Amino acid sequence: MDVTEKLGFDPALCFINGEWVAPENDDSLELEDPSTGTPIAEIARGTAGDIDAAADAAHAALEGIWGRTTALERGRILARIGQLVLDNVDLLAELEAADVGKPLTQARNDAVALARYMEFYGGAADKVHGETIPYLDGYTVYTLREPHGVTGHIVPWNYPMQIIGRSVGAALAMGNAAVLKPAEEACLTALAFAQIAHEAGLPSGALNVVPGLGGEAGAALTDHPGVNHISFTGSVGVGTLVQAAAARNVVPVTLELGGKSPQIVFKDADIDRALPFLVNAGIQNAGQTCSAASRILVHRSIYVEMLDRMAECYRALQVGPAGSDLDVGPLISARQKEIVDGFLDLAAEDNLTIAARGELVEGAPAGGHYVEPTLIAGVSHDHRLAQDEIFGPVQVVIPFDTDEEAVSIANGTDYGLVAGIWTADGARQMRMARALRSGQVFINNYGAGGGVELPFGGVGKSGHGREKGFEALYGFSVLKTVAASHG
Ligand code: NAD
């Protein structure tokens, strides 16, 4: 049975005001399975009219039942959504594997993370308080945290469930009503999530989903005068357009953009412990991860040993279809493969050293968008492979001599999303954590298991604003100051 037949609704529809509705222009887009290159479903090609309808439904929800739902009850609804997500983990994992090409175990982890976001934000919904402020005699002053109103969420294809969890979960917890535009390359789990949230008792209009192209449904959402906050996760180029649109409407915007994140291995590092973190952070989701550690900086005294050991890991990596649940699946699309192959061609032209490659398994479908993971040595810090976000399973290894040089290389890109450091020296850990220009720094680990509790976001061209943790709840709410004079 085709996985989309298990959905229980037609994926070629939009979810607006608690109902499945055809897009205004009755048009559709084709979704393909990246493991085979064959079509798996038709999805709606939503346009401005559908975004209007979704924004109207969201405003009506705020005026109606959803707007009157207490923080306690919002939390309970989110907790129920989390439970229903857990009940449907296998289906969600299968959908994501077919749609994104993600190996099943990784897809399953994303579904569990989606549930965890609902649990976390469900539990937090009634724990965000205002303050009282000591002021002039005869006044009582306090602050209220209120929802922005209608929040727009634009999500990419690489981690649909995790990104929906962290942004829509926090927005709903604070009482906003959401309009979600998933990516045109992968949106089945966004649609399944809408159905699950509805079944869990989320009032109609509190969450609306309009699939479609970025330049059509996405642009209509960011331009919409009735949208009061925009959360965008995606590329720097589109993020710039989104921020300009938000500026025209004078609404706040959170931008979660790309990265070129380093992990720095000092000579006193525990190499055995570091090794799996170094490699996994480059090849997870076939390297299509904003926080991928695509640069490994290694102290020159252990450079040869590290490179050899990483190369050994790379040679053992197996690449193949998502359903086979290997180390690495396909890239999302032929276009993405072309981009990554372009970087590998550049490495060949510039005579960079290919230290090792993983292996495509026999029998992998010819139409799948596979790239063998590639470890590259001898890359100078200013080379494009060490500067540009590749968004594929490619890591470069760069030697350094001093701590100062490590910081200068690590900070020497346009990005600043995540950094990892490996050293036993406590003082160096503290110095580095301060010196690195990055939204998150991990010491003797990388990613800390993804922690929904940990605020996440970038500096520089990695974006601004923070999602995840309590910080997101502040971002998805606005502070009102009330000053009462009572003589
Ligand atoms: P993208 O910017 O092309 O698309 C992202 C989303 O924006 C999609 O839903 C798309 O339809 C929409 N979009 C496209 N054009 C639009 C427009 N003109 N107006 C409004 N919306 C529009 O990005 P992508 O290639 O799909 O994703 C890869 C990028 O996302 C990478 O750079 C990656 O680093 C970044 N990313 C960042 C994070 C993070 O949390 N920092 C997480 C995942 C991905």
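Scoring rules and cut-offs
- Residues numbered from 1 in each chain as written.
- Predicted model: local features only at pLDDT ≥ 70, side-chain atom pairs only at ≥ 80, totals over all residues.
- Heavy atoms only, no water.
- Near = heavy atom within 4 Å.
- Polar contact = N/O pair within 3.5 Å; in protein donor to acceptor, adjacent residues only side chain to side chain.
- Areas by Shrake-Rupley, 256 points an atom, 1.4 Å probe, with all protein chains shown as cover.
- Helix = DSSP H or I, 4+ residues; strand = E, 2+ residues; numbered from the N terminus.
- Expected span 1.5 Å × (residues − 1).
- Buried < 20%, exposed > 50% of the residue type's maximum accessible area, 1.4 Å probe, protein only.
- Contact = heavy atoms within 4.5 Å.
- Pairing = 2+ DSSP bridges.
- Axes fitted to C-alpha atoms, helices over the stretch in contact; angles between N-to-C directions.
- Core = buried A, V, L, I, M, F, W, Y, C linked by side-chain atoms within 4.5 Å.
- Domains from an automatic or database assignment.
- Buried area = accessible area lost by both parts, 1.4 Å probe.
- Salt bridge = Lys/Arg side-chain N within 4 Å of Asp/Glu carboxyl O.

*Asks:* Can you explain the site of the ligand? Please cite residues and give values.
*Replies:* Taken together, 28 residues are adjacent to the ligand, and Lys181, Glu184, Ser235, Leu257 and Glu389 come closest. At 2.8 Å from an oxygen atom of the ligand is found a side-chain nitrogen or oxygen belonging to Trp157. In this structure, an oxygen atom belonging to the ligand sits 3.3 Å away from a main-chain N or O atom of Gly214. Its free accessible area being 850 Å², the ligand has 89% of it covered by the protein chains. For the shell around the ligand, the secondary-structure elements that each account for two or more residues are helix H6 (160-173), helix H8 (214-223), strand S10 (229-233) and helix H9 (236-249).

*Asks:* How would you explain H6 if you had to name every residue and give the values?
*Replies:* Between the first and last C-alpha of H6 there are 19 Å, a value that for 14 residues agrees with the 20 Å anticipated at 1.5 Å per step. A large share of H6 lies buried, amounting to 13 of its 14 residues. Gly175 sits one or two positions beyond H6 and adopts a positive phi of about 90 degrees.

*Asks:* Outline the side chain of His229, listing residues and values.
*Replies:* By secondary structure assignment, the location of His229 is in strand S10. Judged by relative accessible area, His229 falls into the buried class, the value being 2%. Once residues lying within four places of it in the same chain are set aside, the contact partners of His229 are His148, Val150, Thr151, Gly152, Val251, Pro252, Thr254, Gly475 and Phe476.

*Asks:* Which residues make up the sheet that holds strand S22 (residues 477-485), and what values do they have?
*Replies:* An order of S5-S6-S22 is seen for the three strands of this open sheet, with the pairing classed as antiparallel. Of all the strands in the sheet, just strand S5 (132-133) and S22 have a single pairing partner and so form its edges. Bridge count between strand S6 (residues 139-147) and S22: nine bridges; the pairing is antiparallel. Bridge pairing links Pro147 to Ser477 in S22.

*Asks:* Which residues make up the environment of Pro203, and what are the values?
*Replies:* Within the secondary structure, Pro203 is located in the loop between helix H7 (188-199) and strand S9 (207-209). Take Pro203: its relative accessible area is 16%, and that puts it in the buried class. Between the C-alpha atom of Pro203 and that of Ala61, which follows or precedes it by 142 residues, the distance is 7.5 Å. Beyond its immediate stretch of four places on either side in the chain, Pro203 contacts Ile65, Trp66, Thr69 and Ile77.

*Asks:* Outline unusual backbone geometry, listing residues and values.
*Replies:* One can expect most non-glycine residues to show negative phi and most peptide bonds to be in trans. One non-glycine residue, Asp325, lies in positive phi territory at about 55 degrees. Residue position: Asp325 is located in the loop between strand S14 (318-319) and helix H12 (334-349). Classification of Asp325 as partly exposed rests on a relative accessible area of 33%. Despite not being glycine, Phe391 shows a phi value in the positive range, around 60 degrees. Position of Phe391 relative to the elements: it lies in the loop between helix H13 (384-387) and strand S18 (394-400). A residue is classified by how much of its surface remains accessible, and Phe391, at 17% relative accessible area, is buried.

*Asks:* Tell me about the environment of Ala406, residues and numbers included.
*Replies:* Tracing the chain through its elements places Ala406 in helix H14 (residues 403-410). On the basis of relative accessible area, Ala406 is assigned to the buried category, the value being 0%. Along the primary structure Ala406 and Val89 are separated by 317 residues, whereas in three dimensions their C-alpha atoms are 42 Å apart. Apart from the residues lying within four places of it in its own chain, the contact partners of Ala406 are Ile264, Phe266, Leu297 and Phe400.

*Asks:* Please give an account of the environment of Ser167 that cites residues and values.
*Replies:* Inspection of the secondary structure puts Ser167 in helix H6. Classification of Ser167 by relative accessible area gives buried; the value is 1%. With 80 residues separating them in the primary sequence, Ser167 and Ala247 have C-alpha atoms 20 Å apart. In contact with Ser167, other than residues within four places in its own chain, are His153, Ser231, Glu467 and Phe476.

*Asks:* Please set out the sheet that holds strand S15 (residues 353-357) residue by residue, giving values where relevant.
*Replies:* Pairing within the open sheet is mixed, and its seven strands lie in the order S15-S17-S18-S13-S12-S19-S20. The outermost strands of the open sheet, each flanked by one partner alone, are S15 and strand S20 (440-443). The sheet shows a mean angle of 20 degrees between the axes of neighbouring strands, direction not considered. Relative to S20, strand S19 (residues 418-422) is paired through four bridges, and the arrangement is parallel. Bridged to Gly420 within S20 is Phe442. Packing of helix H15 (residues 426-435) onto the sheet brings it into contact with S19 and S20, and relative to S20 it is tilted by some 165 degrees.

*Asks:* An account of the nonpolar core is needed here, citing residue identities and associated values.
*Replies:* Ile81, Tyr121, Phe193 and Leu207 are the most contacted members of the largest nonpolar core, which has 86 residues in total. Non-local contacts of Leu207, meaning those with residues more than four positions away in its chain, are made with Phe15, Val168, Ala178, Leu180, Phe193, Ala194, Ala197 and Leu202. Within the second largest apolar cluster, 64 residues are counted, among which are Ala281, Ala356, Tyr370 and Leu417.

*Asks:* I'd like to hear about the domain arrangement of the protein, residue by residue, with values.
*Replies:* Structurally, the protein comprises domain 1 (16-257) and domain 2 (262-450). Centre-to-centre separation of domain 1 and domain 2, based on C-alpha positions: 31 Å. Contact residues are listed per partner, giving 20 residues for domain 1 and 26 residues for domain 2. Across the domain 1/domain 2 interface, buried area totals approximately 1,800 Å², and carbon plus sulfur atoms make up 53% of it. The three residues of domain 1 that bury the most area against domain 2 are Ser35, Trp157 and Tyr159, which together make up 28% of that side's buried surface. Linking domain 1 with domain 2 are zero salt bridges, by the criterion used here. Of all the secondary-structure elements, those providing two or more residues to the side of domain 1 that touches domain 2 are helix H4 (89-100) and helix H5 (104-124).

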